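What the coordinates show
Here is how the chains run, residue by residue.
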Amino acid sequence: MASSNRQWLLKKRPQGMVTLDDFEYVENTIPKANLDAGELLVKNLYFSFDPAMRGWMDDEPSYLPPAALNQPMRATSVAQVIESGNPDIAKGSLVQGMFGWQDYAISKPTDLIPTTPLPDGTPPTMALSIFGGTSFTAYFGLLHIGQPAAGETVLVSGAAGATGSVVAQIAKIKGCRVIAVAGGAEKCQWLKDDCNIDDVIDYKQDDIEKKLSELCPDGIDIFFDNVGGDILEAGIEHIAEKGRIVLCGQIAGYNNDQPQPGPKNLMHIITRRVRMEGFIMIDFIDQLEAAMNDLVTWVMEGKITYREDIQQGFENIPTTFLRLFSGQNTGKQLLKLAEPE
C-alpha cells in the first residue's frame, strides 16, 4: 500500500467553463475503515468521467447534493477492496461506487450511492462504459420515455458519445430509422460504419436545419437530446405530431456563464401535441437488472458496439475531465490508475 492518499479537490465552483484552476492537488494520510461498522477501504483503479459531473460542481439544488468544496471531486470509479467489514464483499474483490478523485476511499453502508460488487469476470472498463450509467441512461431514456415503435424515425444528438451511441443502436434494434448528430468526420464515419446508423449529420460541417428537412420530410417521431441549444431548437422545429422529445442532457450549455435562452419555437410542442420530458437514470434504479440483461445480450450478439477512451495517470485526472467539453474524447471517457492486484 502507498504511504499517502493523493487527491484532487474541488477548490472552487466554476464560473462558466470549468478550468484546471477549479481543482487542487493534495496528499493526505490513507483513511482507516471502521470494520465494525461494515465499512470498506478501497483503492481506486479506474475513473469514469461524465458530463453530469459539471452540474454537480454548481451550488444549486439537483437530484444529488452539490459536490463539496475542499473535498475530493465526486466521481464514479471501479476500485479494489483493501479491507472489508462487510461479510458480503470480500477483501480483494472489485466494486463500483462514487469514491471520488483519490487513491483510497472509505465506503460506508450509509453512502448516498451504494457500493456494488462487479459480477465475476467483468472487466473494470466495461463496468464503467457499456455496462455503466451512461448505457442505463440510454436504455431507460429511449425505451421508457421515448417508447419507440418499429418504423419510427429517431433523431439522436451527441450521438457519438457514450450515451448517444447506445441510444442510436437500441433504436436500430427496435426497428427504427435513426438519424445521428455528431461532430467531426471521424465520429460520423464510426456511427455509419460500426453502429450501422441510417443517416449522420456532422454539426461542424452541415446545415442541420437543411439536412433535417431533406432527411425527415414527414418529421421526427422521437428526438433524444443530449446537447440542448440550437440543436434542441432544430429538433423541435422538425418534430412530428404526437412526437416525443427525451431531454437527457444539455452539454452545449453546461459551462455557460448565464442560462441558455430557451428555444423560440416551443409553440410546436402545443400545436403538434408533442410530449417533452426530462429524466434521471436513478428514477429507474429498481429496473437495473432487467436493463443489464438486455444490454449484455445485445453486446454479446454484436448488436451494440462501443468505444472506450482510456487516459492514464493520476496527474491527468482534471485534464481528462476537460476533454468532455472540447469533444476530444472518442467514446466513453475513462482514466486508468492501476490494474487489480
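Scroll up to find the structure.
Counting restarts for each chain, with residues numbered from 1 along the sequence as it is written. Residues qualify for local features only when their pLDDT is at least 70, as the model is predicted, and side-chain atom pairs are given and counted only at 80 or more; totals for whole chains, interfaces and linings, by contrast, use all residues. No hydrogens and no water enter the side-chain calculation; it runs on all heavy atoms of the structure.

**Quick word on a negative patch on the surface**
- Patch members must show over 30% relative accessible area and no salt bridge, and they are joined within 9 Å when carrying like charges or within 5 Å when they are nonpolar side chains of Val, Leu, Ile, Met, Phe, Trp or Tyr. Working definition of accessibility: Shrake-Rupley area with a 1.4 Å probe, residue cover restricted to the visible protein chains. For this document, the term salt bridge refers to a Lys or Arg side-chain nitrogen within 4 Å of an Asp or Glu carboxyl oxygen. Working convention for charge: Lys and Arg count positive, Asp and Glu count negative, and His plus the chain ends are omitted. Lys charges are placed at NZ, Arg charges at CZ, Asp charges at CG and Glu charges at CD. Among the surface-exposed residues, Asp-207, Glu-209, Glu-214 and Glu-237 lie close enough to one another that they form a single negatively charged patch.
- Put simply, DSSP H or I for four residues or longer makes a helix, DSSP E for two residues or longer makes a strand, and each gets a number counted from the N terminus. Tracing the sequence through the fold places Glu-237 in helix H7 (residues 229-237).

**Describing a nonpolar patch on the surface**
- Residues Tyr-63, Ile-282 and Ile-285 make up a contiguous nonpolar surface patch of roughly 260 Å² in combined accessible area.
- Classification of Tyr-63 as partly exposed rests on a relative accessible area of 36%. The buried label goes to any residue with under 20% of its type's maximum accessible area, the exposed label to any with over 50%, and the partly exposed label to all in between, with areas taken from a 1.4 Å probe on protein chains only.

**Considering the side chain of Thr-76**
- Mapped onto the secondary structure, Thr-76 falls in strand E4 (residues 76-84).
- Accessibility expressed as a relative area gives 16% for Thr-76, which makes it buried.
- Residues are treated as being in contact if the distance between any of their heavy atoms lies within 4.5 Å. Every residue in contact with Thr-76, bar those within four places of it in the chain, is listed here: Tyr-46, Phe-47, Ser-48, Gln-96, Gly-97, Met-98 and Leu-128.

**Digging into the packing of helix H3 (residues 133-146) against helix H9 (residues 288-300)**
- Axes here mean lines fitted to C-alpha atoms, for a helix over just the part in contact, with angles spanning 0 to 180 degrees between N-to-C directions. It is at 10 Å that the axes of H3 and H9 come closest, and there the two elements cross at 105 degrees. Classified by the angle their axes make, H3 and H9 are roughly perpendicular. In this structure, H3 contributes Ser-135, Phe-136, Tyr-139, Phe-140 and Leu-143 to the contact, and H9 contributes Leu-288, Ala-290, Ala-291, Met-292, Asp-294, Leu-295 and Trp-298.
- When grouped by side-chain class, the residues that make up the contact of H3 with H9 number ten nonpolar, one polar and one charged. Roughly parallel means an angle under 35 degrees; roughly antiparallel, over 145; roughly perpendicular, 65 to 115; everything else is oblique. Gly is placed with the polar residues, together with every amino acid not listed as nonpolar (Ala, Val, Leu, Ile, Met, Phe, Trp, Tyr, Cys and Pro) or charged (Asp, Glu, Lys and Arg).

**Some points on H7**
- What H7 keeps buried is the set Ile-231, Leu-232, Glu-233, Ala-234, Gly-235 and Ile-236.
- Tucked inside the fold, the buried residues of H7 contact strand E8 (153-156), strand E9 (177-182), helix H6 (208-215), strand E11 (220-225), strand E12 (239-247) and helix H8 (267-271).

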